[in-house]
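One-letter residues, chain by chain:
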Amino acid sequence: MTPLPFMTTPAPLFDPPEWQHLQPVALRPHVLRLTCPNAGLMTGPGTNSYLIGSSASGFWVIDPGPADAGHVQRLWQAAGGHIRAIVCTHSHPDHAPAARPLQALYRSATAPASLTAAPILGLPSAATARENSHFYPDQVMADGALLDMPHPDGQSAPLRLRALHTPGHAANHLCLLLEGDGLLFSGDHILDGSTTVIDPPDGNMSDYLESLDRLAEVCHHAGVTHILPAHGHAMAQPLPTIERLRRHRLQREARVLSAMRALPSGQADDWLPVVYADVPPHLWPVARRSLLAHLQRIEALGLFKP
Ligand SMILES: [Zn+2]
């Protein structure tokens, strides 16, 4: 990996507290957020689609979201009809399905019609992905891949987006670093206001923790000032945020181990109410997925000796 540049002038970030689903919010002049109206248990206030660029230089669209025709139309308008690439952080149904319709809109509007414009980028879904999470990009965006475009202000260094493969929440998960701006687009790996679900086999707890460590290193070296998640608000103080998440996972793992020791002949469903006693029961079906991920990790590392 080539050295990551330090950020020298942290620019402020504008992130109003209220959610806006019908028009984009300019977090910075060249970084827009348009939130899909798909609020829910798993999606918080909705999926954040991010647009980076300007209508003159074109936009990279990160996580176009679910197949919501209104949202696709609004993304298209927000991009001023100029899309350079569509990047999906991972293949889940609230992130990637809008990529093809958005691309189709762009291609049909460009004259002469282009079959290569606005490519869909990302990592293909792994064999472990669920039925609703299959994803095949036009171009693979592997770890370390870079996208460049002239800076929209016409003076600053070009915008550069760097792909970081961060498996854990999904095997094909990417985080994206906007170098020079000190912004990390974290997809679902790091969320604001909730803990991401690790759903095996595509999700993997050890991979998740390793990716967190890697992100901490990148944030430190690249001078990241804000994490921009796919669900929720921008988060300042990336390093304490990541450390808090790490601690949370390891505390949960300790609870799993103590539940296992208390009832060595038990199964996941016996341990679930003990391990997640602090979580409302209506969330237990989701928590159960993360519990399975903890159990896999505990077994792989040989942490439990009955
Ligand atoms: Zn996801």
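Since we're looking at a predicted model, the values are computed, not measured. Here the residue index of a chain counts from 1 through its sequence in written order. Thresholds applied to this predicted model are a pLDDT of at least 70 for local features of residues and 80 or more for the giving and counting of side-chain atom pairs; totals over whole chains, interfaces and linings are not thresholded and use all residues. Note that water and hydrogens are dropped before the side-chain values are worked out from all heavy atoms of the structure.

Asker: Could you clarify how one ought to interpret the coordination of the zinc ion in this entry?
Answerer: A metal bound by six donors in octahedral fashion has ideal angles of 90 or 180 degrees, whereas one bound by four tetrahedral donors has an ideal angle of 109.5 degrees. Each protein donor to the zinc ion is listed here as His90 (NE2), His92 (ND1), His169 (NE2) and Asp188 (OD); together their distances run 2.2 to 2.3 Å. Only N, O and S atoms count as donors, using a 2.8 Å cut-off from the metal and 3.2 Å for Na, K and Ca, and because water is excluded some sites may appear unfinished. Each label reflects the angles at the metal, where four donors whose angles all fall between 85 and 135 degrees are tetrahedral, four or six donors whose opposite pairs open beyond 155 degrees and whose other angles stay between 65 and 115 are square planar or octahedral respectively, and the rest are irregular. What the four donor atoms of the zinc ion show is an angle range of 85 to 170° at the metal, which sorts the shape as irregular. The sequence motif formed by the donor residues of the zinc ion is H-x1-H-x76-H-x18-D. Highlighted residues: His92 in the loop between strand E5 (83–87) and helix H2 (99–109) and Asp188 in the loop between strand E11 (183–187) and helix H3 (205–222), separated in sequence by 96 residues. Helix and strand labels come from DSSP, where a helix needs a run of H or I of at least four residues and a strand needs a run of E of at least two; each type is numbered from the N terminus.

Asker: I'm lost on the pairing of strand E12 (residues 226–229) in this one. Help?
Answerer: Each regular strand shows side chains that alternate between the opposite faces of the sheet. Per-residue accessibility, obtained with a 1.4 Å probe over protein chains only, is compared with the maximum for each type, and a residue is labelled buried under 20%, exposed over 50%, and partly exposed between these values. Residues His226 and Leu228 line one face of E12 and the alternating positions Ile227 and Pro229 line the opposite face, and both faces are buried. The pairing criterion for strands is at least two bridges between them, as found by DSSP. For E11 and E12, the ladder comprises four bridges, and the chain directions are parallel. Paired with Phe185 across the strands is Leu228, a residue of E12. Handedness of the crossover is the feature at issue here: the chain leaves E11, passes through H3, returns alongside E12, and the resulting connection is right-handed. Relative to strand E13 (residues 235–236), E12 runs antiparallel, the two sharing two bridges. Each bridged residue has a counterpart across the sheet, and for His226 the counterpart in E13 is Ala236. In sequence, E12 turns back onto E13 through a hairpin of five residues, with Gly232 there showing a positive phi of about 105°. Classification remark: right-handed applies to a crossover when, strands pointing away from the viewer, the course from the first strand over the helix to the second runs clockwise.

Asker: Which parts of the structure should I look at to understand the packing of aromatic side chains?
Answerer: Aromatic ring pairs: the centre-centre distance and the angle between the two ring planes describe each pair. In this scheme Phe, Tyr and Trp rings, the latter by its six-membered ring, pair at centre separations within 6.5 Å, and the angle between planes marks the pair as stacked below 30 degrees, edge-to-face above 60, and tilted otherwise. Evaluated as defined, the whole model comprises two aromatic pairs. Summarising the aromatic geometry, the rings of Tyr50 and Phe185 are spaced 5.0 Å apart at their centres and angled 65° between planes, so their arrangement reads as edge-to-face. With a gap of 135 residues between them, Tyr50 in strand E3 (residues 48–54) and Phe185 in strand E11 connect regions that are remote in the sequence. There is no split in this pair, since Tyr50 and Phe185 are both buried. Relative to Tyr106, the ring of Trp76 lies with its centre 6.1 Å away and its plane at 70°, an arrangement referred to as edge-to-face. One end of the pair, Trp76, is in helix H1 (residues 69–78); the other, Tyr106, is in helix H2, and 30 residues separate them in sequence. The class for Trp76 is buried, based on a relative accessible area of 14%.

Asker: When you look at the domain arrangement of the chain in this model, what are you seeing that I'm missing?
Answerer: Interface size is commonly expressed as the accessible surface area that is lost when the partners come together. Start and end points for every domain follow an automatic or database-based domain assignment. When cut into domains, the chain gives domain 1 (25–236) and domain 2 (237–306). When each unit is reduced to the centre of its C-alpha atoms, the spacing between domain 1 and domain 2 is 29 Å. Contacts are residue-level and defined by heavy atoms, with any inter-residue pair within 4.5 Å sufficient. Each partner contributes residues to the interface: domain 1 has 26 residues there, and domain 2 has 20 residues. A simple way to read buried area is as the amount of 1.4 Å-probe accessible surface that goes missing from two parts once joined, with both sides added. With both chains or domains summed, domain 1 and domain 2 bury close to 2,100 Å², and 69% of this area falls on carbon and sulfur atoms. On the domain 1 side of the contact with domain 2, Pro200, Met205 and Leu209 bury the most area, a combined 27% of that side's loss. Asp199 serves as the salt-bridge partner of Arg289, at 2.5 Å between the closest nitrogen and oxygen. Salt bridges are counted wherever a side-chain nitrogen of Lys or Arg sits within 4 Å of a carboxyl oxygen of Asp or Glu.

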